[in-house]
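Residue-level listing of the chains:
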Amino acid sequence: MPRAGLTPASVVAAGAELADELGYENLTMGLLAERLGVRTPSLYKHVSSLDALCHGISVETWRELGETLMRATVGLAGPAAVRAYADAFRHWVGRHPGRYAAGLRAPGPDDAEGQRIANEILQILYAVLAGFDLPGSRVVDAARALRSALHGFVTLENAGGFGLNRDVDRSFTFVVDSLIAGLRAGLSDEDSGQPEGTDHNGPRHEYHGSDD
């Protein structure tokens, strides 16, 4: 039977669930309509296009992930904060691979909501790194290193990319411990003071999309 009482939020939530099940790249309005028990044209009363649906999933993805990371790291500092951040990130993405893929979409210049949420996520990451007293732009380098390592690991893990006879949890611990060792080293940098990518209103986002 058709599902009554659909709203934009409920359609986006259903789309996120379907993306997790089928893969983000396989998400279509037709499949979502089938899941919701309505005809495809009916969905356009709630979301204007597939692109709008994907944008909604992206925004909700980073909101949910941000809340998860914040809860995991609140009150922690230094290595404990990094380990908690890494574990929370890995477990959340492992449960939600499709919506995580949607969240990799970069917010456009006119996407105020996406920009705001991206900045909130980045501020959590900067807070996690604050306990290492890194100089200047090394904070940006550290954020990029941590993001890249975690993204690469969980992406390979979700794709079944680790086939050797070695416990994956041990390998993940090794990756995180190696990152912490590098952060503890406090590599010097000629820059000092305010990290690059920040201004008086806080760090400018770069959590979505490519650098620079």
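Before any of the text, the structure's been laid out above.
The shown structure was predicted, so the numbers you read here are calculated from the model rather than taken from an experiment.

A. Fine view of the environment of E25. Topologically, E25 is positioned in the loop between α1 (8–22) and α2 (29–36). Accessibility expressed as a relative area gives 65% for E25, which makes it exposed. It is 8.5 Å that separates the C-alpha atoms of E25 and A101, two residues lying 76 residues apart in sequence.

B. Region of the structure containing the packing of aromatic side chains. What the rule picks out here adds up to four aromatic pairs. Seen from their ring centres, F89 and Y100 are 5.7 Å apart, and the 90° between their planes marks the pair as edge-to-face. Here the residue F89 occupies a position in helix α5 (residues 78–95), and Y100 occupies one in helix α6 (residues 97–102), the gap between them amounting to 11 residues. Both residues of the pair, F89 and Y100, count as buried. Relative to F162, the ring of F153 has its centre 4.8 Å away and its plane inclined at 45°; by these criteria the two rings are tilted. Taking relative accessible area as the criterion, F162 reaches 35% and is therefore assigned partly exposed. Among the aromatic residues, ring-to-ring pairing joins W62, F89 and Y100 into one connected group. Note that R90 overlies the ring of F172, its terminal NZ or CZ placed 4.7 Å from the centroid.

C. Here's a closer look at the side chain of R90. Tracing the backbone through its elements, the reader meets R90 in helix α5. The exposure class of R90 is buried, given its relative accessible area of 10%. Apart from residues lying up to four places away in sequence, R90 is in contact with F153, V154, E157, V168, D169 and F172.

D. Geometry of the environment of L129. By secondary structure assignment, the location of L129 is in helix α7 (residues 112–129). Apart from the residues within four sequence positions on either side, L129 is in contact with V139, A142, A143, L146 and L183.

E. Broad picture of the side chain of T68. Tracing the backbone shows T68 in helix α4 (residues 50–73). Beyond its immediate chain neighbours, meaning those up to four positions away, T68 contacts A88 and W92.

F. Highlighting the pattern of salt bridges. Applying the stated criterion to the full structure yields 10 salt bridges. R63 is the salt-bridge partner of E113, the closest N and O atoms lying 3.0 Å from each other. Highlighted residues: E113 in helix α7 and R63 in helix α4, separated in sequence by 50 residues. A relative accessible area of 25% means that R63 is categorised as partly exposed. Among the ionic pairs, E157 bridges to R90, the shortest N-O distance being 2.7 Å. Separated by 67 residues along the polypeptide, E157 in helix α8 (residues 138–158) and R90 in helix α5 bring together distant segments of the chain. Overlapping salt bridges bring together D20, E64 and R99 as one network.

What counts as what
Residues numbered from 1 in each chain as written. Predicted model: local features only at pLDDT ≥ 70, side-chain atom pairs only at ≥ 80, totals over all residues. Heavy atoms only, no water. Helix = DSSP H or I, 4+ residues; strand = E, 2+ residues; numbered from the N terminus. Buried < 20%, exposed > 50% of the residue type's maximum accessible area, 1.4 Å probe, protein only. Phe/Tyr/Trp six-rings, centres within 6.5 Å; stacked < 30°, edge-to-face > 60°. Lys NZ or Arg CZ within 6 Å of the ring centre and 35° of its normal. Contact = heavy atoms within 4.5 Å. Salt bridge = Lys/Arg side-chain N within 4 Å of Asp/Glu carboxyl O.

Shape is all these values report; function is a separate question.
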